[in-house]
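Observations on chain architecture
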Amino acid sequence: MVLQARSRHRGEAAPKPSPLRGASEPGERAPSSPGRRKGPRAEPAPPARGSVAGRLAAGLRALGLRRAGRGGTWSTLALAAFAALLHWSHITHLFENDRHFSHLSTLEREMAFRTEMGLYYSYFKTVVEAPSFVTGVQMIMNDKLTEYPLVINTLKRFNLYPEVILASWYRIYTRIMDLIGVQTKICWTVTRGEGLSPVESCEGLGDPACFYVAVIFMLNGLMMALFFIYGTYLSGSRLGGLVTVLCFFFNHGECTRVMWTPPLRESFSYPFLVLQMLLVTHILRATKLYRGSLIALCMSNVFFMLPWQFAQFVLLTQIASLFAIYVVGYIDIYKLRKIIYIHMISLALCFVLMFGNSMLLTSYYASSLAVIWGMLAMKPRLLKMNVSDLSLWVIQGCVWLFGTVVLKYLTSRIFGIADDAHIGNLLTSKFFSYKDFDTLLYTCAAEFDFMEKETPVRYTKTLLLPVVLVVFIAIVRKITSDVWCVIGKQQTHTRKQQFDHGELVYHALQLLAYTALGILIMRLKLFLTPHMCVMASLICSKQLFGWLFCKVHPGAVVFAVLAAMSIQGSANLQTQWSVVGEFSNLPQEELIEWIKYSTKPDAVFAGAMPTMASVKLSALRPVVNHPHYEDAGLRARTKIVYSMYSRKSAEEVKRELIKLKVNYYILEESWCIRRSKPGCSMPEIWDVEDPANAGKTPLCNLLVKDSKPHFTTVFHNSVYKVLEVIKE
């Protein structure tokens, strides 16, 4: 139900400060009740096994969080819930303060979802606005708008299960609210000033965009509860959970970007990686494996992989770290084999749910699983080799590395898959002088460049880096002692005793893997920084710093460290809270309105990838290219479209556009002249790809002045120029 309310001006609603400013510090001890006598305390009766409380208590007992009794369990849950609420409130207010999202019109909200965000949201919109849920799903599985004239299954190509699930929840929610007569949104007439016409703005979960963003923020709020439990379990103390959460807040801008870009795949996927790593930690620490833990690991793997095509690379680093601690002797073959089987089952489930997406089967992750499975099966033969432990470690590591690379190459050739070839080229360009069109499009973007030099400095100012280095050195000392014990005694592989605390070694290796990813590709520091926050919790670990806690109370150490961290950490939070803005993109709004009212519904558009996402989302017109660049065919199409910014002739470019059945081309002059760094303007990128035409005037510069005779200008404003392709 919609209620038309009074008019209001955007300036009347000032951005609200985050409640973090006045929030009390969690973890304070409550004063004891007067009159309480000392003496033996009766153990509280356990909850009934079949009840919800019983199942929850059993799960927490499995994670080792019930050591302090029933009161300790509920205090841990209460602190985790408080952390979740705090993070949800924080990111919600940051998003609202940045965009003034509550006062935007439907079109403005859609335009605020730039690049691939708009592409993903468009499928949520399709399912929501379809006559029925089933019809909407069929429409996105037989999509004719995204890569015209092709008909593609976008659910298979673009990891769209989050949009499908959220659309189903939205339809269920609105239908139930309508049935019981509960209002779901309030609509306002918002005056925008500057001679602009008023727009209607709706607030509440009944608005699709508000519902979509709200669910994402709730999921990422729950993620903070997982971080608290994770830090508590890993360190063995609730102080460790407190350290993890506060380190995350103090380094919030380095940990996540969900508050600026909610629809990105990582916003849906990463919370399940936190759960997955918590479960892996529990499995490594447990002396006995339970079916429930393995099933939970399988489900978290699936929920992590389904929304995000990059998840397989993260899981590859995890499998490599687990294999390394197995080789050295921190976990036994039985435990690793179970984990490998779970990963294989998860991969198979995702392969089925993604309608046979062959990129999963030809990934390095799948190849690594197959190689490790084969090596575990050949363990008896390896034991017959009369070599030292160190030699055996080197042999197994080399077999895994070369086996994975060779198997990946063979499977890609057999299945004819080249969709992920650009990933290999991107990594090659990081170490060598390799360049091509696709690689330069990535490396010229700041998020795919090397990590900024300022990032380690920011880590150091909040003391996150020094604390993690202390923890890492303590773990390395343990590893060195264990390994030296084996090498120094010249033992062979017949050693049967396993080293202890394999979960600590796993986290150290995972830290190294995330560091390598973050240094090579700046965007991937979003894995590194949260993991550093988890590692920081180990300053509370008695296994690592028990010698110190015998002399100094752990609480004194932790709160001294947190007090020092808060100096720069509070300044970082103040910087985030000071971001106040309002989204507005009048040139694109004019463009979208012109397309909607001046072109036919089947008119086909081409142009820059970010703009095409907005055209498809808001104007509902067919496009030939889009921002989801992980497909070889799409990359070839984009190269044709971007030839408008090359030095080729207009006739040659028009001929290729006609082959794609393009009716209109949206030209942006800024793309012709902007340059993020030397060698990164579009004409310079094309000089690498097309050296024969180097030195000529870029075509876009010529068409900005005069589009004839091969194109006709039908619309233009300060940013966009729409060229109609003249057919022969």
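Residues numbered from 1 in each chain as written. Predicted model: local features only at pLDDT ≥ 70, side-chain atom pairs only at ≥ 80, totals over all residues. Heavy atoms only, no water.

Time to look at the state of the cysteines. Per the stated rule, a full pass over the model turns up three disulfides. For C444, the disulfide goes to C680, at an S-S distance of 2.0 Å. For the disulfide bridge between C444 and C680, the dihedral angle about the S-S bond is near -80°, and by the sign convention the bridge is left-handed. Here C680 lies in the loop between α31 (670-673) and α32 (682-689) and C444 lies in the loop between α20 (437-443) and α21 (454-461), a separation of 236 residues in the sequence. Residue C444 is classed as buried on the basis of its relative accessible area of 12%. The exposure class assigned to C680 is buried, which follows from its relative accessible area of 10%. Here C672 engages in a disulfide with C700; their sulfurs sit 1.4 Å apart. Classification of the bridge connecting C672 and C700 rests on its S-S torsion, roughly 50°, and on that basis the disulfide is right-handed. (Disulfide = S-S within 2.5 Å. Helix = DSSP H or I, 4+ residues; strand = E, 2+ residues; numbered from the N terminus. Buried < 20%, exposed > 50% of the residue type's maximum accessible area, 1.4 Å probe, protein only.)

Take the packing of aromatic side chains next. Centre distance and the angle of the planes are the two values used to describe a pair of aromatic rings. Scanning all chains against the criterion turns up 33 aromatic pairs. Seen in terms of ring centroids, W308 and F310 are 5.8 Å apart; in terms of plane orientation they differ by 45°. Their pairing is tilted. The exposure class assigned to F310 is buried, which follows from its relative accessible area of 16%. With a centroid separation of 5.8 Å and an interplanar angle of 25°, the aromatic rings of Y514 and F527 are classed as stacked. Of the two residues, Y514 is situated in helix α23 (residues 502-520) and F527 in helix α24 (residues 525-536); the sequence distance between them amounts to 13 residues. For Y514, a relative accessible area of 2% translates into the label buried. For F527, a relative accessible area of 3% puts it in the buried group. The structure contains a cluster of three or more aromatic residues connected by ring pairs, namely F95, F101, F113, Y121, F124, Y170, Y173, F211, Y212, F217 and F268. Its end group placed over the ring of Y120, R265 keeps NZ or CZ at 3.8 Å from the ring centre. (Phe/Tyr/Trp six-rings, centres within 6.5 Å; stacked < 30°, edge-to-face > 60°. Lys NZ or Arg CZ within 6 Å of the ring centre and 35° of its normal.)

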